[in-house]
Amino acid sequence: MIYSGKESQIVSNGNDSGAIPTAAPVISTIDALTSGESTPETPSSPTLSPGAYYNPRYDPKNFLEGPYSHNPATRLRQMLARPGIVIAPGICDGISARCALEAGFDCMYQSGAATTASRLGQPDLAIATLNDFAEAAEMVCSIDPTVPVIADADTGFGGPANVARTLFKYHRAGVAGMHIEDQVQTKRCGHLMGKQVVSREEFLTRIRAAVIARDQIPGGSDFVIIGRTDSAQVLGMEEAVTRLKLAADAGADVCFIEGVKTKELLETTVAALAPKPVLVNVISGGLTPSFTCKEAEEMGAKIIIFSLISCVAAVHGIRAAMASLKKTGTDFSSAQGMDPKAFFEVMGLDSVVKLDAAAGGKAFELV
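Structure report, in brief. (Residues numbered from 1 in each chain as written. Predicted model: local features only at pLDDT ≥ 70, side-chain atom pairs only at ≥ 80, totals over all residues. Heavy atoms only, no water.)

**A word on the overall build of the protein chain**
Of regular secondary structure, the protein chain possesses 15 helices and 11 strands. Taking all 367 residues of the protein chain together, the buried fraction comes to 46%. Here the protein chain has roughly 17,500 Å² of accessible surface; of this, 58% comes from carbon and sulfur atoms. (Helix = DSSP H or I, 4+ residues; strand = E, 2+ residues; numbered from the N terminus. Buried < 20%, exposed > 50% of the residue type's maximum accessible area, 1.4 Å probe, protein only. Areas by Shrake-Rupley, 256 points an atom, 1.4 Å probe, with all protein chains shown as cover.)

This is the structure in structure tokens:
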């Protein structure tokens, strides 16, 4: 079943009953998931809907105290549980990740659109593959393994098994959390027109698959699962909020509503989904107003991402440099005084030289 923004009716593939599906019960352990047994709610646990997933490991109160963890997923949960909004600038490659860290950001967002543009030179139209995203994530997460990276996982790249495979690959890459959306497989950037979304049940199947996969990681994992809906522009805000409530019941840790068009809509969404944290995506010129971090926090959002900040800035900067080179025949003005060593220092030159020297190497005594 596919819902189209161009049509008011439901477009069926012929295999649907026509009924609007509801969320299947999802509970806290893999044994319970496979057996269908319910896990009772404890007095100290959050208020849950009947049959909702609950794992005491992920109760926010467990992450309120103590020093920040060196594990990025645990650290992200600590940031979500404690006061203040989580600000995650969008990165598109190693250079943008280095610049974000240099600026002092303590969380980063690997944008699918930015990664597709940077790695492939293509628009965000479901062209990039899981391997494209996972390889990029492994690289950026390795720069500072303690800094949480939230990664776009699009639709999970297929059915439940593919969603699980995506989570496993992201976990191995060092990603702290990922978002799964309800667009069709031939998806597009959430701020473009003409989006289509799958049925509620197919969306929840994706969320459940991610939760089951996360809970199967040996030794346990604090990996954060973010449910994203693009249905607001297709089916309206009421349906979007309903989908996110169901996603939360299925085990999503954070709710992400794409394309919130006004301050009032964001505030009502946050209130409707409380106490689940809400993520808002700000793209200049996109569907969502250019809220500042302070404004988003005042509206109740817990995470704010700026998906295209790196790649749009790169386009402007590289365009200007290329135009200058074409006009003047030299790169002198575009370099702005940055010599090769200064550039490599931004890329971590000093730490590599120190490591080599500490190990007894002499190759980089003079650089």
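**Structural notes on the nonpolar core**
The biggest cluster of nonpolar side chains holds 41 residues, and the ones touching the most others in it are Met 108, Leu 167, Tyr 170, Val 175, Met 178, Ile 207 and Phe 223. Sorting the residues of this core by element identifies helix 3 (94-102), helix 5 (130-143), strand 5 (149-152), helix 6 (160-173), strand 6 (177-181), helix 7 (200-215) and helix 9 (237-249) as the ones contributing at least two each. Tallying contributions element by element places helix 7 first for this core, with seven residues. With residues up to four places along the chain from it excluded, the contact list for Met 178 reads Ala 151, Ala 153, Val 163, Thr 166, Leu 167, Tyr 170, Ala 210, Phe 223, Val 224, Ile 225 and Ile 226. Counting 21 residues, the second largest nonpolar core, distinct from the first, contains Ile 257, Leu 266, Val 280 and Ala 301. (Core = buried A, V, L, I, M, F, W, Y, C linked by side-chain atoms within 4.5 Å. Contact = heavy atoms within 4.5 Å.)

**Describing the state of the cysteines**
Overall, the coordinates contain zero disulfides when judged by the stated rule. Summary of cysteine pairing: Cys 92 is not part of a disulfide, and the nearest cysteine sulfur, belonging to Cys 311, is at 5.4 Å. In this model Cys 99 remains outside any disulfide bridge; the closest cysteine sulfur is found in Cys 92, 9.5 Å from its own. (Disulfide = S-S within 2.5 Å.)

**Concerning helix 5**
With 14 residues, helix 5 extends 21 Å from end C-alpha to end C-alpha; this agrees with the ideal 20 Å at 1.5 Å per step. Buried within helix 5 we find Leu 130, Asp 132, Phe 133, Ala 134, Ala 136, Ala 137, Val 140 and Cys 141. Buried residues belonging to helix 5 abut strand 3 (86-91), helix 3, strand 4 (108-110), helix 4 (112-120), strand 5 and helix 6. (Expected span 1.5 Å × (residues − 1).)

**Concerning the packing of aromatic side chains**
Enumeration according to the criterion identifies two aromatic pairs in this entry. Lying over the aromatic face of Tyr 68, Arg 82 brings its terminal NZ or CZ to 4.7 Å of the ring centre. (Phe/Tyr/Trp six-rings, centres within 6.5 Å; stacked < 30°, edge-to-face > 60°. Lys NZ or Arg CZ within 6 Å of the ring centre and 35° of its normal.)

**Quick look at the sheet that holds strand 4**
Spatially, the eight strands close up into a barrel ordered 3-4-5-6-8-9-10-11, and their pairing is parallel. Neighbour-to-neighbour, the strand axes of the sheet open up by a mean angle of 25°, direction not taken into account. With three bridges joining them, strand 4 and strand 5 adopt parallel strand pairing. What sits directly across from Met 108, in strand 5, is Val 149. Lying over the sheet, helix 6 contacts strand 5, strand 6 and strand 8 (224-229), oriented at roughly 160° with respect to strand 6. (Pairing = 2+ DSSP bridges. Axes fitted to C-alpha atoms, helices over the stretch in contact; angles between N-to-C directions.)

**With respect to unusual backbone geometry**
With an omega of 10°, the peptide bond running from Ala 274 to Pro 275 counts as cis. Counting through the fold element by element, Pro 275 comes out in the loop between helix 10 (263-273) and strand 10 (278-281). The backbone of Phe 157 sits at a positive phi, close to 65°, despite the residue not being glycine. Along the polypeptide, Phe 157 turns up in the loop between strand 5 and helix 6. A positive phi angle is found at Gln 336, which is not glycine, with a value near 50°. Take Gln 336: it is sitting in the loop between helix 13 (332-335) and helix 14 (340-346).

**Structural notes on the pairing of strand 11 (residues 303-306)**
By the alternation rule, side chains of strand 11 split into Ile 303 and Ile 305 and Ile 304 and Phe 306, which are all buried. Where strand 3 and strand 11 come together, four bridges link them in parallel fashion. Opposite Val 86, over in strand 11, you have Ile 303 as the bridge partner. Bridge count between strand 10 and strand 11: three bridges; the pairing is parallel.

**Considering the packing of helix 6 against helix 7**
As a packed pair, helix 6 and helix 7 sit with axes 8 Å apart at the nearest point and diverge in direction by 45°. Classed by the angle they form, the pair helix 6 and helix 7 counts as oblique. For the pair helix 6 and helix 7, the sense of crossing is right-handed. Counting all contacts with helix 6, which are made through Pro 160, Val 163, Ala 164, Leu 167 and Phe 168, the residues of helix 7 involved are Thr 205, Arg 206, Ala 209, Ala 210, Ala 213 and Arg 214. Of the residues contributing to the contact of helix 6 with helix 7, the split by class is eight nonpolar, one polar and two charged. (Parallel < 35°, antiparallel > 145°, perpendicular 65-115°, else oblique. Left-handed = near helix turned anticlockwise from the far one by under 90°. Nonpolar A, V, L, I, M, F, W, Y, C, P; charged D, E, K, R; others polar.)

**Here we look at the pattern of salt bridges**
Under the criterion given, the structure shown has 19 salt bridges. The salt bridge partner of Arg 200 is Glu 239, with a shortest N-O separation of 2.8 Å. You can see Arg 200 sitting in helix 7 and its partner Glu 239 sitting in helix 9, a full 39 residues away along the chain. Accessibility expressed as a relative area gives 16% for Arg 200, which makes it buried. For Glu 239, a relative accessible area of 15% puts it in the buried group. (Salt bridge = Lys/Arg side-chain N within 4 Å of Asp/Glu carboxyl O.)

**Side note on empty space enclosed by the protein**
All chains considered together, the criterion is met by one cavity of 30 Å³ or more. Taken as a whole, the largest cavity spans an internal volume of roughly 100 Å³. Forming the boundary of the largest cavity are 17 residues, of which Ala 113, Asp 124, Arg 228, Asn 281 and Ser 307 lie nearest the centre. (1 Å grid on protein atoms, 1.4 Å probe; cavity = no way out; pocket = protein on both sides within 12 Å on 5 of 7 lines; lining within 4 Å. Points joined across faces, edges and corners; volume = space filled by probe spheres on them.)

**Let's talk about the packing of helix 5 against helix 6**
Axis separation between helix 5 and helix 6 bottoms out at 8 Å; the angle between their running directions is 20°. Viewed along their axes, helix 5 and helix 6 adopt a mutual orientation that is roughly parallel. The handedness of the crossing between helix 5 and helix 6 comes out as right-handed. Here helix 5 contributes Leu 130, Asn 131, Phe 133, Ala 134, Ala 137, Glu 138 and Cys 141 to the contact with helix 6, which in turn contributes Arg 165, Thr 166, Lys 169, Tyr 170 and Ala 173. Tallied by class, residues from the contact of helix 5 with helix 6 come to seven nonpolar, two polar and three charged.

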